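Here's the letter readout for the chains.
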Amino acid sequence: MLVRLLYASRAVDCNPQAIEAILAQARAHNTACGITGILCHGGGVFLQAIEGGRTAVSDLYGHIQKDPRHKDVELLHFEEITERRFGGWTMGQVNLTKVHSSILLRYSERPELDPYSVSGKVSLALLEELMATASIVGRA
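Residues numbered from 1 in each chain as written. Predicted model: local features only at pLDDT ≥ 70, side-chain atom pairs only at ≥ 80, totals over all residues. Heavy atoms only, no water.

### Overview of helix H4 (residues 120–132)
The test is simple: Strands are runs of DSSP state E lasting at least 2 residues, helices are runs of H or I lasting at least 4, and numbering of each runs from the N terminus. Expected span of a helix, by definition, is 1.5 Å for each gap between consecutive residues, and there is one gap fewer than residues. Only protein chains enter the accessibility calculation, which uses a 1.4 Å probe; a residue whose area is less than 20% of its type maximum is buried, one above 50% is exposed, and one in between is partly exposed.
Across its 13 residues, H4 extends 18 Å between first and last C-alpha, which sits within 8% of the 18 Å expected from 1.5 Å per residue. Of all the residues in H4, the buried ones are Gly120, Ser123, Leu124, Leu126, Leu127, Glu129 and Leu130.

### Things to note about the packing of aromatic side chains
Worth spelling out the cut-off: Aromatic rings from Phe, Tyr and Trp, with only the six-membered ring used for Trp, were paired whenever their centres fell within 6.5 Å, and each pair was classed as stacked if the ring planes differed by under 30 degrees, edge-to-face if by over 60, and tilted otherwise.
Evaluation of the coordinates by the stated rule reveals one aromatic pair. Plain terms: the ring middles of Tyr7 and Tyr61 are 5.8 Å apart, the flat faces sit at 55° to each other, and that makes the pair tilted. On the criterion of sequence distance, the pair formed by Tyr7 in strand S1 (residues 2–11) and Tyr61 in helix H2 (residues 54–66) is long-range, its members being 54 residues apart. Residue classification places Tyr7 among the buried positions, given a relative accessible area of 1%. A residue is classified by how much of its surface remains accessible, and Tyr61, at 10% relative accessible area, is buried.

### Concerning the pairing of strand S3 (residues 45–53)
Basically, it comes down to this: Criterion used throughout: strands pair if DSSP finds at least two bridges between them.
For S3, a buried count of eight out of nine residues is recorded, marking the element as mostly surrounded by other parts of the structure. Inspection of the sheet shows S1 paired to S3 by nine bridges, in the antiparallel sense. Among the inter-strand pairings, Ser9 is bridged to a residue of S3, identified as Phe46. Sheet topology places strand S2 (residues 36–42) next to S3; seven bridges connect them, and they run antiparallel. Paired with Thr36 across the bridge in S3 is Glu51. Hairpin connection of S2 to S3: two residues between the antiparallel strands, including Gly43 at a positive phi of 60°.

In structure tokens, the structure reads:
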């Protein structure tokens with residue numbers, strides 16, 4: 001059974017090396033576990049979608065909740081799915097400082113990433129738009 005989980009967190013360390021270390025670990029681990037997804041970051045906030053088997057996704061989310069690199073981890077959306085939307089990436093990346101502010105403004109009150117103030121469905125719609133506008137980069 002495939003599931004999609006969407007969560008938000010705040011970065012403990014916002015420097016590019018720390019974010020790249022998170023992405024590298026995810027890419028190395030996710031392939032073996034059958035997990036795909038994307039990580040958006042900007043202004044010290046992470047928005048991440050992970051897809052895969054229910055047990056693998058649940059285990060990964062439990063690990064993220066305990067990861068000292070994240071704080072204020074909050075579940076935004078969880079659903080059973082028939083197919084992956086973000087299956088092209090072991091962990092794709094969107095640096096929101098490089099995305100036109102009008103995309104963010106379409107989904108929130110201000111042109112900044114704040115998944116804590118919008119519904120999970122709105123955050124998922126933002127991710128889908130980022131995918132449609134080719135804003136996601138990363139390795140398959």
